[in-house]
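A closer look at the structure
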Amino acid sequence: MRLPRFNGQVSPLLPVALAPMALVAVFILVIVWVSFQSGTLGTVHSSYTLENYHDVLGDSAIYGVIWNTLWFAFSTVFFALIIGLPIAWLTERTTIPGKAAIYVIMTLGLLIPGIFVAMGWTFIAHPRIGFINRWLVDLFALDNGPVNIATPMGMGFVQGMNLAPLAFILTTQMFRAMNPMLEEAARTAGMSATATLRRVTLPLAGPAILAAVIYIFIVGIATFDIPAVIGLGNRVYLFSTYLFTLTFPEDMEPRYGITGAVGVLMIVVALVLTAWYGRVLQRGNRYQVITGKGYRPKMLDLGGWNWAAWGMIAVYALISKLVPIALVGFIAFAPYVAPPSLEMWEQLSLNNFYNVNWELVWRGMKHTLILMFVVPLAVMVCAFAISWLVVRTRSRGRYALEFGAFLPHTVPELLFAIGALLVALFVLKDYVPLYGTVWLIALVYLVTRLPFATRALNGALLQIHKELEEAAYVSGLTMLRASRRVLLPLLRPTLMSVWIWTALLVYREVTVAVFLATESNITLTAVVWSYWAAAGMTEASVVTTLMILFFSPLLLLFWIFGRRSALAED
Amino acid sequence: MISIRKLEKIFDSARGPVRAVDVIDLEVAEGEFMVLLGPSGCGKTTTLRCVAGLERPDGGSIEIDGELVDSAGGGTYVPPERRDIGMVFQSYAVWPHLNVFQNVVLPLTEGQRRIPRSEVRDRAREALRLVRLDGLEERPVTDLSGGQQQRVALARAVVTRPKVLLMDEPLSNLDARLRDQMRDELRRIAESVNVTSLYVTHDQAEALSLGDRVCVMNEGEILQLATPKEVYSEPPNLFVARFVGEMNFLPAKVLDAGHVESGLGAIECAVPPGCAPGSAVTLGIRPEHIGMTAGESAAGPRGQVLRQTYLGDALHCQVQVGEVELTVKAVGDAEYDRGATVTVSLPEKGWHVFPEGQ
C-alpha cells in the first residue's frame, strides 16, 4: 500500500492523522486482550484463557440483559421514529409555518443530555416516588403505582423521545433527497395514488427509513445514561449498565476479564449492525436522483391542520424536554422529592444549595472547561489532517484513513471508556500516569468526536475546489502560507461550527465521564451522576439546574455560529 | 522555453494503473503559444499539471527556461511555488474570500516571487488594466460574472510576470459568445506580455485560432504536432481527422497509386506510399470541399438531398450519392428541397486517404 503522498513526499499530516487511529486500535485491542486473561492483570500471575467467555455465557444473567437491551432498543427505535418521522415529513413536504423554529426545537433536543431528562422522568413515573403514581395511588386508593418507567420499555420511551431529533434529521435528508417528480411521473403514467405510494414512494423511502432504524438501534443498545439513571436503582440491567456494574462492583473486586468478554460481545454486535447499516445506506444512495436547477418539491397545503401539526410538536417538546427539566428545576428547590403542589410551593428554599459540596462542583467545572477547550482543538487538528489526506490525495491509503476515522462511530463510546480505563490501569500504569487525569477522558473524547468532525470537514473540503489551493501554489505560495491565506479562511465557518458542536457535546457527555471519573478528574456531569447514584436526588437536581443555566448561553453561541453545517452532518 | 522529455505519468485506478501520459517529448519555444488539444482523458491536462509541478512525473524530465524542474530519474523536483509560472484554471479558482485586488496582490505579497511593498499596488493595477478590470478592485470576486472572474484569474497569473503561462481549459465554463470574445483577448494579452503559453483545450476551434502550434493528443500520446493549418489540412491519421473539423468517411480499396475504388466508384486521389493495390483504406473528405449544384446540368455524380440543417452562415445537407451518404456544406443562400436531385463535385485535392488499422 502506498502512503498518502503529496507530490511524492509522505505528508507531514500523516502522523497527526494516524495518532487517533492508533488510540482506537489500542482501546479496542486491550478489551479483546483482557477478555482472554485470567488472574491479576499485568502481572506474571495472569494467563490466557477462555474462562471469561465461558462464565459470561454460562451465567443466566446475561440472557436477561440481552432481552432487556433488545426490548429497550426496539422501544427506542419505535418512539423515536413515530415522533421524528412525521415531523420530518411536515417540515419537508408541507406548508407548515415556522420551519426554522422546528429546526431549532429539534436541534436543541439533540443537545439536551438524556441524563437530565431521565432524572425528570424518574420524578414523573418512578413506581415508588413518581408523581403520576403518587397521584393515582391517592386518587384510586391503589396499593402500587400503576405506571413504571423503570422497565426496558419505559426507558426506551424516554430514550426514544430523546432520539426523535436524530430520527428527524436522518429522515429529513431522505425527504429532501427524494424527488417528488418520481411520484408525479408515476401519476402521469396512470398509477393511482395508492399504487404510487405502494410501488414508488415506499420502495424509495424504504432504505433510508431502514437505515435510520438501524442507526437508532445501534445508538440504543449502547445507551448508558438513561438506563443508568432510571434502571440501576431498580436493578433493571441493560448491556451498558451491566458492564458498569461489572466494572465497578459494589462489594467485590472487579473481574475485568468478564467486563472484557461482555465488551467484545458488544463490539461484535455493533460491528455487524454497522456493516448492515452501511449496506442499506449504499442502497439508499443509489436512489437519490440528481435534481435539476428548477427543482422545487411541491408542498402539501395543510390548511387548518397546521394547528394540529404544531400542537403535536408542542406536546412533544413539553413531554420530552420541558416538563422533565422543569421538574428537575423544581426539585432543586424542594426539601424532598414530592409532587408539585401548593403546599410544596411554600416550602421551596435554597436549602439544597447549602448541602451541595461546592468544592466538588468547582472541581468538576474546572475539568469540564479544560475538556471543552482542549478536546475541540485536538479533534479539529486531527480531523483536518485526516480530511485533507482523504479528500486531496489519490493514494489508495486514503480509504483506510477514511475507514479508520469512521470506525469510532461504530463502537459504543462506553467501550472506548472501558478500553481507556484498562489501558491506564494495566498497560500504561508504570510509564504514563494517565489514570485519574482529565487527559485520559480527553483522549476518549478525541476518539469519539472524530467521526463527526472528519465528516463535516470532508464535506467542506469537497466544496472547496482543489484548484483554489493549487492556484495558491502556482502563485508562489508555500504550502503553509497557502493553508493560512486560502484554505483556513475558506474552512472557517465549518471549523467554527465543528468547534462549538464538539465543545457542547463534551459539556453534556456523561457516559465516558462516569466510567473514567475519579476524585481528581471528575467532570460536572459526573458530579451530577455521583449525587444521583448516592441517592442525593435534590443535590443532583441543583447541579443539573446550574448546568442548564450555563448551557443556555452556549446554545446561543452555537446557534449564531455553528448550526448550518452541524445540522447537516451528524 | 519549456522542454518536456520522455514524460510519463501513471495513475492508479480501480482497474489497475492507467498511463495518463505515455512518454511524450515536446519543445515550446520562447514566446510561442502552444495548444494541447485532445478529448478528455488524453493526457493533455496531466502534461500541463506536470509542467506546473502539481503532479510529479513517473518518468522523464521537464525544463523551464533552461532550469531542470523535474527529473524522475535524477530525483529533481521543484515545487510549484518555486517555478516561474502563472496558471489559469478551468474553474477560475479565484479565491472567494478575497476581493478582486486582494486576489491579484496575494502572489506579490505572500508568494515566493514577492516584490517590494511599494511596487505592489502599481503592479497589480497594471495587471488589472491589462485584463480590463480596472475600476473593479474593491469588488468581492463572488459578485463578478464568469467572464470577469476568469479575467481576475488571468491577471493573477500574469501579475508576477512569469516566463510561462499555463492555461487549463480556461474558456470551457463560459458561454459561447463570451468564449469567442475572451479567446481573442487571451491571444492579445499573451502577446502583449510576451509570455510563453501552454494552453489545454478540447475545443478544436479554440486550438486552431489560438495556437502558433497545436499538439493533438490521445491516450497519452502525441498524434500530431504542427501549425493549425497543417492540423486541419493534413491530418496524419483518422483520429486527428475525426477530432479536428468535420469529415465524411467511406471505406475504399486501393486500385493503384492514383486511384481507389469506393461506394462512389473509382476515385482519383493521392494514395500514400505504402498502400499496396488491393489494400483497404478509409477515404475522407471535408463537407466544405464538396461542391454541389442543383439539377443535373453539371457533370459529376448525382445525388438526392435527404435533409438539411440551416446554420445561418451555411447549410449542412445530407446527400445520398449511390450507396453513400455525404454531408455537404453549402455556403451562401443556396436552398434545396428535400428529395431534390443535385450534382456533387468531389475534387481530387479534397480527398484524404488513411491506411487501414490507424
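Note that the structure is a prediction, hence the values are computed from the model and not measured.

1. Focus: the overall build of chain A
A tally of regular secondary structure across chain A gives 25 helices and 4 strands. Its C-alpha radius of gyration of 25 Å places chain A within 12% of the 25 Å reference for a compact globule of 570 residues. Dimensions along the principal axes, computed over C-alpha positions, put chain A at roughly 75 × 70 × 45 Å. Looking at the 570 residues of chain A, the share that counts as buried comes to 56%. Taking all contacts inside chain A whose residues are at least 6 apart in sequence as the whole, residues at least 24 apart take part in 76%. Counting only carbon and sulfur atoms, one obtains 67% of the accessible surface of chain A, whose full area is about 25,400 Å². Here chain A contributes 36 positive and 27 negative side-chain charges, whose respective centroids are spaced 17 Å apart.

2. Examining the interface of chain A and chain B
Every contact between the two is made by 25 residues of chain A and, on the other side, 30 residues of chain B. Interface of chain A and chain B: buried area, both sides summed, is about 2,500 Å²; carbon and sulfur atoms make up 52% of it. Run the count over chain A and chain B and you get 4 salt bridges. Linking R49 of chain B and E470 of chain A is a salt bridge whose minimum nitrogen-to-oxygen distance equals 2.6 Å. Secondary structure elements with two or more residues in the side of chain A that touches chain B: α20 (466-474) and α21 (479-508) of chain A.

3. A look at the sheet that holds strand β9 (residues 196-201) of chain B
Residue and element names in this part refer to chain B. The mixed open sheet is built from 6 strands, whose spatial order is β7-β8-β9-β3-β10-β11. With partners counted over all chains shown, the strands left at the sheet margins are β7 (85-88) and β11 (221-226), one partner each. Along the sheet, successive strands turn relative to each other by an average axial angle of 15°, direction set aside. In this sheet, β9 lies alongside strand β8 (residues 164-168) in parallel orientation, the contact comprising 5 bridges. The residue bridging D168 from the neighbouring strand is V200, located in β9.

4. Comments concerning a nonpolar patch on the surface
Among the surface-exposed residues, L57, Y63, I66, L70 and F74 of chain A lie close enough to one another that they form a single nonpolar patch of about 460 Å² accessible area. Among the elements that take part in the nonpolar patch, helix α3 (residues 61-93) of chain A stands out by supplying 4 residues, more than any other.

5. Describing the confidence of the model for chain B
Note that predicted coordinates carrying low pLDDT should not be read in detail. Counting all residues, the mean pLDDT for chain B is 90, and 99% of those residues have values of 70 or more. Looking at the elements of chain B, mean pLDDT is at its lowest for strand β14 (residues 265-268) of chain B, recorded as 85, and at its highest for strand β3 (residues 33-37) of chain B, recorded as 96.

6. Describing unusual backbone geometry
Phi at A535 of chain A is positive, roughly 65°, even though this residue is not glycine. Within the fold, A535 of chain A resides in the loop between α23 (524-533) and α24 (537-561). The residue E169 of chain B is not glycine, and still its phi comes out positive at about 45°. For E169 of chain B, a relative accessible area of 8% translates into the label buried.

7. Regarding helix α19 (residues 438-463) of chain A
Taking 1.5 Å per residue, 26 residues should reach 38 Å; α19 of chain A reaches 36 Å between its end C-alpha atoms and fits that length. At L450 of chain A, α19 of chain A is bent by approximately 45°, the largest bend along its length, and proline P451 of chain A sits one to four residues beyond.

8. Side note on the sheet that holds strand β13 (residues 259-262) of chain B
Residue and element names in this part refer to chain B. Ordered in space as β14-β13-β12-β15-β21, the 5 strands form an open sheet in which the pairing is antiparallel. Looking at which strands have only one partner, the edges of the open sheet turn out to be β14 and β21 (351-355). Strand-to-strand twist in this sheet, taken as the mean axis angle between neighbours without regard to direction, amounts to 40°. When β13 meets β14, the two strands line up antiparallel, connected through 4 bridges. Along β14, the bridge assignment pairs S262 with G265.

9. Topic: the nonpolar core
One finds W121, I230, L491 and L516 of chain A together with L166 and L198 of chain B to be the most contacted residues of the largest nonpolar core, which totals 227 residues. Residues within four places of L516 of chain A in sequence aside, it is in contact with A417, A420, L421, L440, I441, V444 and N521 of chain A. With 48 residues, the next largest nonpolar core counts V120, L174, I189 and V231 of chain B among its residues.

10. Details of the pairing of strand β19 (residues 324-331) of chain B
Residues and elements named next belong to chain B. Pairing between strand β18 (residues 314-321) and β19: 8 bridges, direction antiparallel. Looking at the pairing, L315 lines up with A330 of β19. Where β18 folds back onto β19 in an antiparallel hairpin, the turn is made up of 2 residues, including G322, whose phi is positive at roughly 60°.

11. Things to note about the pattern of salt bridges
Tallied over the entire structure, the rule returns 32 salt bridges over all chains. E8 of chain B is the salt-bridge partner of R19 of chain B, the closest N and O atoms lying 2.3 Å from each other. In this pair, R19 of chain B sits in strand β2 (residues 16-28) while E8 of chain B sits in strand β1 (residues 2-13), placing the two residues 11 residues apart along the sequence. For E8 of chain B, a relative accessible area of 19% corresponds to the buried category. Two residues, D212 of chain B and R187 of chain B, come together in a salt bridge whose shortest N-O distance is 2.9 Å. With a gap of 25 residues between them, D212 of chain B in the loop between α6 (204-210) and β10 (213-218) and R187 of chain B in helix α5 (residues 176-192) connect regions that are remote in the sequence. In this structure, a network of salt bridges that share partners links the residues K466 and E470 of chain A together with K9, R49 and E55 of chain B.

12. Considering helix α4 (residues 146-158) of chain B
The end-to-end C-alpha distance of α4 of chain B is 19 Å, a good match for the 18 Å that 13 residues give at a rise of 1.5 Å each. In terms of burial, α4 of chain B is a largely internal element, 11 of the 13 residues being buried. Turning to α4 of chain B, its buried residues number three or more, namely G147, Q149, Q150, R151, V152, A153, L154, A155, R156, A157 and V158 of chain B. Structurally, α4 of chain B contributes buried residues whose contacts are with α20 of chain A together with β7, α2 (100-110), α3 (117-130), β8 and α5 of chain B.

13. Things to note about the environment of T172 of chain A
All names here are of chain A. Among the structural elements, T172 can be located in helix α7 (residues 152-177). Residue classification places T172 among the buried positions, given a relative accessible area of 3%. Sequence-wise, T172 and P86 are 86 residues apart; in three dimensions their C-alpha atoms are separated by 9.8 Å. Leave out the neighbours within four places in its chain, and T172 touches A88, T91, E92 and Y103. Within the structure, T172 has its side chain in polar contact with the backbone oxygen of F168 (distance 2.4 Å).

14. A closer look at the packing of aromatic side chains
Counted by the stated rule, this structure contains 25 aromatic pairs over all chains. Aromatic pair F249 of chain B and F354 of chain B: ring centres 6.5 Å apart, planes at 55°, arrangement tilted. Highlighted residues: F249 of chain B in strand β12 (residues 248-256) and F354 of chain B in strand β21, separated in sequence by 105 residues. Overall, the relative accessible area of 28% leaves F249 of chain B in the partly exposed class. The exposure class of F354 of chain B is buried, given its relative accessible area of 2%. Here a set of aromatic residues connected by ring pairs shows up, and it is made of F224, F244, F248, F515 and W529 of chain A.

15. Some points on the side chain of Q318 of chain B
Residue and element names in this part refer to chain B. Position of Q318 relative to the elements: it lies in strand β18. You can call Q318 buried: its relative accessible area is 18%. A polar atom in the side chain of Q318 sits 3.3 Å from the side chain of T327. Not counting residues up to four positions away in its chain, the partners in contact with Q318 are Q304, V305, L306, R307, E325, L326 and T327.

16. As for empty space enclosed by the protein
All told, the structure shown has 2 cavities of 30 Å³ or more when counted by the stated rule. In this structure, the largest cavity is lined by 35 residues; those nearest its centre are Y215, V219, E413, R449 and R508 of chain A. Listing elements by their share of the lining of the largest cavity, those giving two or more residues are α4 (99-111), α7, α9 (193-222), α12 (256-286), α17 (397-410), α19 and α21 of chain A. Within the lining of the largest cavity, the residues separate by chemical class into 19 nonpolar, 10 polar and 6 charged. Of the volumes computed, that of the second largest cavity is approximately 60 Å³. Around the second largest cavity, the lining residues are A471, V474 and S475 of chain A together with I85, G86, M87, P107, R113, A153, R156, A157 and T160 of chain B. Looking at the lining of the second largest cavity residue by residue, the class counts come to 7 nonpolar, 3 polar and 2 charged.

So, how was this worked out
- Residues numbered from 1 in each chain as written.
- Chains lettered and ligands numbered in written order.
- Predicted model: local features only at pLDDT ≥ 70, side-chain atom pairs only at ≥ 80, totals over all residues.
- Heavy atoms only, no water.
- Helix = DSSP H or I, 4+ residues; strand = E, 2+ residues; numbered from the N terminus.
- Rg over C-alpha atoms; globule rule 2.2 N^0.38 Å.
- Buried < 20%, exposed > 50% of the residue type's maximum accessible area, 1.4 Å probe, protein only.
- Contact = heavy atoms within 4.5 Å.
- Areas by Shrake-Rupley, 256 points an atom, 1.4 Å probe, with all protein chains shown as cover.
- Lys, Arg positive; Asp, Glu negative; His and termini not counted.
- Charge placed at Lys NZ, Arg CZ, Asp CG, Glu CD.
- Buried area = accessible area lost by both parts, 1.4 Å probe.
- Salt bridge = Lys/Arg side-chain N within 4 Å of Asp/Glu carboxyl O.
- Pairing = 2+ DSSP bridges.
- Axes fitted to C-alpha atoms, helices over the stretch in contact; angles between N-to-C directions.
- Patch = residues over 30% accessible without salt bridge, like charges linked within 9 Å, V, L, I, M, F, W, Y side chains within 5 Å.
- pLDDT = per-residue confidence, 0-100.
- Expected span 1.5 Å × (residues − 1).
- Bend = angle between axes of the 7 residues up to and from the residue.
- Core = buried A, V, L, I, M, F, W, Y, C linked by side-chain atoms within 4.5 Å.
- Polar contact = N/O pair within 3.5 Å; in protein donor to acceptor, adjacent residues only side chain to side chain.
- Phe/Tyr/Trp six-rings, centres within 6.5 Å; stacked < 30°, edge-to-face > 60°.
- 1 Å grid on protein atoms, 1.4 Å probe; cavity = no way out; pocket = protein on both sides within 12 Å on 5 of 7 lines; lining within 4 Å.
- Points joined across faces, edges and corners; volume = space filled by probe spheres on them.
- Nonpolar A, V, L, I, M, F, W, Y, C, P; charged D, E, K, R; others polar.

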